[in-house]
Amino acid sequence: MNGSASASASGIIPLSSPAAVGAADPDASLMQRVAADDATAFETLLLRWQGRLVTLFWHQTGDHATAEDLAQEVFLRVYRSRHRYRPTARFSTWLYTIAHNVARDLKARSYRRREYGVPATSSVSQSIAGLDALAVAASGQIPARVADRNELRGKIREALAALNDNQRMAVLLAKFEQCSQEEIAEAMGLSVPAVKSLLFRARDNLRAFLSPYVEGPGK
Amino acid sequence: MNRGRRESDRLIDTMGDAAAGNGVDGGSAETAEVALGEVWDLLDLLPVADAPASLTASTIEMAVISADVPRTAAAGLPAGRHWLAAGSIVAACLALGTLVGSATLPQPSENVRDYPVVKQLDLLRKLGSIEFLERFGQLIESSPRLPGGRRPNPQLEAAVLDFSLFGRSSTEAVQAVERDRDGWDADARRAFRDAQSDFSKLSSPRKRELRMLTEALAEATDGELITAANRWLALLDRLDPLERAGLVDLDADARLEWIDRRIERLRRFNNLRQRPLPGPSERRAPRG
């Protein structure tokens, strides 16, 4: 995967030379060492990023074991394409692009399995739960503060699961990975306005579901 | 995290703008923005996962095992000729398939007997044969470092169910097949027809091998065969697709040679490392 052309097209500032890359993005520098078959650099990258990817996929799929498998798949793809890596954009953007593709492939695989009668992973079926049903559940008007922390976490997970895959991925990249809209656009293969719209709709859906659990103005 | 806070503020600003742009008046837009900030902050309650050392170790092992793939013969062709070669093979297979298919239509009883084999042909070809799985199982015993197989493969589980449901030439089996087929959509029917055509092109010994494998998996009460199948599928799943395709076509001996070479590579890699990867006993059990 070569992120150079698409990265500059989407507004990400290209890093001009390998030296600049190393100074500006230590992960890109590590990746260059991985490309030169440096196994230690690969391990360092894993230690820096695998936990974050597990978190990302955990909240994306709702299942920790699936998240570990997907995070591993991302790094296997990174390793396989190490000789094709060109450090012209941030390493993280390249990694999130692969992560997005891996999550999309999981979805495609689960659809194919359903065609042949193989059950989808529980996580995927959970994420298909409709927002309407969840909103009805929330409309019991449980007073804010009553729900304890664990219950609240459960509700947040349900609210995330009710988003569609793209909305959820955009929210997770923005919230947990602090990605800019440009980076999210690059990773998900979308335009920046599309990402803005995605985040706006995601926010709206989250607010519809979680408003009973937050203290709004005047409450 | 300054960058994070800046991005977060920017996102909230964008969303506030969008709310205002959607016809929300000034006061409501402000309220909406505050509520958004709170919802956004609520997401901080979500826990952060850690990657267990076992996952890091297993990822490195898989990367070492699957690295520097010896491509199949087709990979040695100049780029432009790949399509030509693939196209010729497809055209030849289509022509041959039409001829063979029209000449050797299976009898109804044979149709039912082979139904689970055809339905799960891709999976069975990946698994290879009873001989391979048994020898692979012995290898796992002596070489527990081989990664993969942490969880049952759902496709294998569904296939084993199929094998025990349909793998009989009886009236119930015929009815079960009919019921099963009723639930299919157009894509599933097309996939089955393709598999049927592929199966018809296999040699008789290979067909027999796959039928025997199907029966063995359906009757695998001790679980060793299933365990080996799970581990092998997990290993295959993590390989480069091209390498996976090449391995599927190999016989048991060639597959085991490939595995031996990769285990040797893993040993060399671990000997070179200053800090060894955690052993199986130190690995944490996967969380459910």
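Definitions and limits used
Residues numbered from 1 in each chain as written. Chains lettered and ligands numbered in written order. Predicted model: local features only at pLDDT ≥ 70, side-chain atom pairs only at ≥ 80, totals over all residues. Helix = DSSP H or I, 4+ residues; strand = E, 2+ residues; numbered from the N terminus. Buried ≥ 20, exposed ≤ 12 C-beta atoms within 10 Å, placed from the backbone. Contact = placed C-beta atoms within 7 Å. pLDDT = per-residue confidence, 0-100. Axes fitted to C-alpha atoms, helices over the stretch in contact; angles between N-to-C directions. Left-handed = near helix turned anticlockwise from the far one by under 90°. Nonpolar A, V, L, I, M, F, W, Y, C, P; charged D, E, K, R; others polar. Core = buried A, V, L, I, M, F, W, Y, C linked by C-beta atoms within 7 Å. Expected span 1.5 Å × (residues − 1).

Enquirer: Requested: an account of the overall build of chain B, with residues and values cited.
Expert: Along chain B, the regular secondary structure elements total 14 helices and zero strands. Listed N to C, the secondary structure of chain B is α-α-α-α-α-α-α-α-α-α-α-α-α-α in terms of helices and strands. Going through the 288 residues of chain B one by one, you find that 24% of them count as buried. Taking contacts inside chain B between residues at least 6 apart in sequence as the whole, the part at least 24 apart equals 81%.

Enquirer: Can you tell me about the confidence of the model for chain B, naming the residues and giving the values?
Expert: Residue and element names in this part refer to chain B. Model confidence for chain B is summarised by a mean pLDDT of 71, while 59% of its residues fall at 70 or above. Model confidence for chain B, summarised as mean pLDDT per element, is weakest for helix 4 (residues 79-103) at 51 and strongest for helix 6 (residues 121-127) at 92. Below pLDDT 50 for its whole length, residues 98-109 participates in eight contacts with residues either more than four positions away or in separate chains. The low-confidence segment residues 278-288 (pLDDT under 50) makes 14 contacts with residues lying over four places distant or belonging to another chain. ipTM for the predicted complex: 0.72, alongside a pTM of 0.59.

Enquirer: Let's hear about unusual backbone geometry: which residues, and what values?
Expert: All names here are of chain A. A positive phi angle, near 65°, is found at D37, a position not held by glycine. Within the secondary structure, D37 sits in the loop between helix 3 (26-35) and helix 4 (39-61). In this structure D37 comes out as partly exposed when scored by C-beta crowding, with 13 C-beta atoms within 10 Å. In this structure, Q178 is a non-glycine residue whose phi angle is positive, near 50°. When you line up the elements, Q178 lands in the loop between helix 10 (165-175) and helix 11 (181-188). What makes Q178 partly exposed here is the crowd of 18 C-beta atoms within 10 Å.

Enquirer: Pulling in residues and values, what's your account of the packing of helix 3 of chain A against helix 4 of chain A?
Expert: All names here are of chain A. At a minimum axis separation of 8 Å, helix 3 and helix 4 run at an interaxial angle of 145°. Where helix 3 crosses over helix 4, the two elements pack in a sense that is left-handed. Residue-level contacts link D27, L30, M31, R33 and V34 of helix 3 to A41, F42, T44, L45 and R48 of helix 4. Residues that form the contact of helix 3 with helix 4 fall into these classes: six nonpolar, one polar and three charged.

Enquirer: Provide a residue-level description of the nonpolar core, including the pertinent values.
Expert: The biggest cluster of nonpolar side chains holds 68 residues, and the ones touching the most others in it are A:F57, A:A71, A:V74, A:A170, A:L173 and A:I184. It is helix 4 of chain A that contributes the most residues to this core, nine residues altogether. If we skip the residues at most four places from it in the chain, A:V74 touches A:L53, A:L95, A:I98, A:A99 and A:V102. Counting residues in hydrophobic clusters, the runner-up holds 25 residues, among them B:Y115, B:F132, B:L210 and B:A229.

Enquirer: Mind laying out helix 12 (residues 192-210) of chain A, listing which residues take part and the relevant values?
Expert: Relative to the 27 Å expected for 19 residues at 1.5 Å per residue, helix 12 of chain A spans 26 Å between its end C-alpha atoms, a close match to the ideal helical length. Regarding helix 12 of chain A, the residues found buried are A:V195, A:K196, A:L198, A:L199, A:F200, A:A202, A:R203, A:N205, A:L206, A:R207, A:F209 and A:L210.

Enquirer: Talk me through the environment of B:R113; I want residue IDs and the actual numbers.
Expert: Counting through the fold element by element, B:R113 comes out in helix 5 (residues 108-119). For the pair formed by B:R113 and B:R211, sequence separation is 98 residues and the distance between their alpha carbons is 8.7 Å.

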